[in-house]
Amino acid sequence: SIRVPAEDLLIDDLSLFPTGWTVDLPPFSARDRLDILMDQGTIDFADVGFASPNAQFGSPTAGQIVRNFGSGSEAAWEVRRRFQPSDSSFSIEQLGEWSYHNKVADRFRLYCDIRESTPQVKVEGGWTDCIAVGQYGEYISTFNSPVGSEYNMSPADFERILRAIDEKISTSLDSHTP
């Protein structure tokens, strides 16, 4: 079967996002950048970034990253290796209404953390960041975003974006399967 470019699995539809969100980093493909692919340990890599309303330099951002590891077994191993909730991680249910269960991905993880300020991202008292990790065969898609009213991103908004990512990836991969 033909490999789908990682970039084709990125969401680019701003209408999925709450009002005021913008594209912060346009879709980027590292397909021809061997340095990035080697650094990431992937055969293909793409990402896109989004900024919340009133975001300034140093505000937390949202983003999707798609990595292709070349095989499903390699991707499964990478999910376990790279994406472990920490002892302080918590479930998004603690932030509000949540009903989503991913039935498309081979493996799926979703957890939230309180992030501390860094030199790049300065938020007094930290912020809540949630990450969804889905493995689809040889691909892993991650989507992370600050969640909270100050970012105009509710758990329901996060869920709507995740559903769209699932839909986009499953549709794209299905259409390339002979």
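Rules used throughout
- Residues numbered from 1 in each chain as written.
- Predicted model: local features only at pLDDT ≥ 70, side-chain atom pairs only at ≥ 80, totals over all residues.
- Heavy atoms only, no water.
- Pairing = 2+ DSSP bridges.
- Helix = DSSP H or I, 4+ residues; strand = E, 2+ residues; numbered from the N terminus.
- Axes fitted to C-alpha atoms, helices over the stretch in contact; angles between N-to-C directions.
- Salt bridge = Lys/Arg side-chain N within 4 Å of Asp/Glu carboxyl O.
- Buried < 20%, exposed > 50% of the residue type's maximum accessible area, 1.4 Å probe, protein only.

(A) Spatial organisation of the sheet that holds strand S1 (residues 22–29). Strand order in the open sheet formed by 6 strands is S1-S2-S3-S6-S5-S4, with antiparallel pairing between adjacent strands. Since the sheet does not close on itself, it has two edges, and those belong to S1 and strand S4 (107–115), each with one partner. For this sheet, the mean inter-axis angle between neighbouring strands, taken without regard to orientation, is 10 degrees. Across 8 bridges, the pairing between strand S5 (residues 127–136) and strand S6 (residues 139–146) is antiparallel. Within the sheet, the bridge partner assigned to Ile 131 lies in S6 and is Asn 144.

(B) Representation of the pattern of salt bridges within the structure. Summed over the entire model, instances satisfying the criterion amount to 8 salt bridges. Of the charged contacts, one joins Glu 78 and Arg 82 as a salt bridge, the two residues approaching to 2.6 Å between their closest N and O atoms. Of the two residues, Glu 78 and Arg 82 are both situated in helix H2 (residues 72–82); the distance of 4 residues between them amounts to about one turn of the helix. Under the relative-accessibility criterion, Glu 78 is labelled buried at 4%. With relative accessibility at 26%, the residue Arg 82 sits in the partly exposed group.

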